[in-house]
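# Examination of the molecular architecture
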Amino acid sequence: MNFPWFKNTLSNQLDSTIIVSGIPRSGTSMMMQLLDAAGIPVLTDEVRVADENNKKGYYELESVKKLAAGNHSCIENSRGKVIKVVSSLLQYLPPDQNYKIVFMRRDLESILSSQGKMLVNSGQKYDAHQDSELKLLFKKHLDDIQSWFRVQKNIEVVEIDYDDAINAPESCFFALEKFLAPIEINREAMLMSIDKRLNHHQKV
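Structural notes, computed from the coordinates. These figures come from a predicted structure and were not determined experimentally.

Time to look at the overall build of the chain. Scanning the chain from terminus to terminus reveals seven helices and four strands. Helices and strands appear in the chain in the N-to-C order α-β-α-β-β-α-α-β-α-α-α. Counting over 204 residues, the chain shows a buried share of 46%. Sequence-distant contacts in the chain: of pairs separated by 6 or more residues, those separated by 24 or more amount to 74%.

Here we come to the packing of aromatic side chains. Within the structure shown, the criterion is met by two aromatic pairs. Between Phe-103 and Phe-149, the ring centres sit 5.6 Å apart and the planes meet at 85°, which makes this aromatic pair edge-to-face. Residue Phe-103 is found in strand β3 (residues 99-105), and its partner Phe-149 is found in helix α4 (residues 131-150); the two are separated by 46 residues along the sequence. Across the pair, exposure class does not vary: Phe-103 and Phe-149 are buried alike. Measuring from ring centre to ring centre gives 5.8 Å for Trp-148 and Phe-149, while their planes differ by 50°; the resulting arrangement is tilted. Using a relative accessible area of 8% as the deciding quantity, one classes Phe-149 as buried.

To continue, consider the nonpolar core. Core analysis: the biggest nonpolar cluster contains 29 residues, and Met-31, Val-102, Ile-160 and Leu-176 have the highest contact counts within it. Only β1 (17-21), α2 (28-37), β3, β4 (155-161), α5 (162-167) and α6 (169-179) provide two or more residues apiece to this core. For this core, the element with the highest residue contribution is α2, accounting for five residues. Filtering out sequence-adjacent residues up to four positions away, Leu-176 remains in contact with Met-31, Leu-35, Val-102, Val-158, Ile-160, Ile-185 and Met-190. Val-85, Leu-90, Tyr-99 and Phe-149 belong to the second-largest nonpolar core, a separate cluster that totals 24 residues.

A full pass over the atoms with the stated rule returns one cavity of 30 Å³ or more. Approximately 30 Å³ is the volume found for the largest cavity. If you go around the largest cavity, the residues you meet are Ile-23, Ser-26, Met-104, Arg-105, Arg-106, Leu-108, Ile-111 and Leu-142. Of all elements in the fold, only β3 and α3 (108-121) reach the threshold of two or more residues within the lining of the largest cavity. Split by residue class, the lining of the largest cavity holds five nonpolar, one polar and two charged.

Further remarks concern the pattern of salt bridges. In total, this model carries nine salt bridges according to the counting rule given. One salt bridge connects Arg-79 with Asp-15, and the closest N-O pair in it is separated by 3.2 Å. Separated by 64 residues along the polypeptide, Arg-79 in the loop between α2 and β2 (82-84) and Asp-15 in the loop between α1 (4-13) and β1 bring together distant segments of the chain. Of the charged contacts, one joins Asp-144 and Lys-140 as a salt bridge, the two residues approaching to 2.9 Å between their closest N and O atoms. With Asp-144 and Lys-140 both in helix α4 and four residues apart, the pair spans about one turn of that helix.

Reading guide: rules and limits
Residues numbered from 1 in each chain as written. Predicted model: local features only at pLDDT ≥ 70, side-chain atom pairs only at ≥ 80, totals over all residues. Heavy atoms only, no water. Helix = DSSP H or I, 4+ residues; strand = E, 2+ residues; numbered from the N terminus. Buried < 20%, exposed > 50% of the residue type's maximum accessible area, 1.4 Å probe, protein only. Contact = heavy atoms within 4.5 Å. Phe/Tyr/Trp six-rings, centres within 6.5 Å; stacked < 30°, edge-to-face > 60°. Core = buried A, V, L, I, M, F, W, Y, C linked by side-chain atoms within 4.5 Å. 1 Å grid on protein atoms, 1.4 Å probe; cavity = no way out; pocket = protein on both sides within 12 Å on 5 of 7 lines; lining within 4 Å. Points joined across faces, edges and corners; volume = space filled by probe spheres on them. Nonpolar A, V, L, I, M, F, W, Y, C, P; charged D, E, K, R; others polar. Salt bridge = Lys/Arg side-chain N within 4 Å of Asp/Glu carboxyl O.

If you want it as structure tokens, here you go:
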């Protein structure tokens, strides 16, 4: 039997901040939800509330946006806890701390489709003709991130595929459990929180 208080004690033993990252709409909110269900403390201020685009919430911390300006307050007292940091802000994490990064991967066509739907749902204009250019920019960004990961001595990374997390979650949960050791995760609770209806990426 798993006890939440025991998980939190083990979480406090981890000498790293757990970062969930990826390109917007790659499944970072879903992963935050899963780790929350797993019993790991997540840092969120709920300033950005759930809406049509993320019905289970965004799990964001507003102060993360200040990283680029050198404000590291979001990382204070964060060891053993989970924070969502969009991939473009990873380079601004303070280098004097250790990080375990759960990096979400998703098919770029699906990401672009999801971003397009988000714009439409928000009443903004969406031009599908820009997708080809955005796809190239995203590819370069991901290549740059991989190069950056390789030279960081204070960072460990595990990549999780969005579709696998939904359709083959057991293997993903095993990878997460191994990566986040000594933290124990509640696999059953994570499995129950998976919503396969999230896997929609038809073109707008």
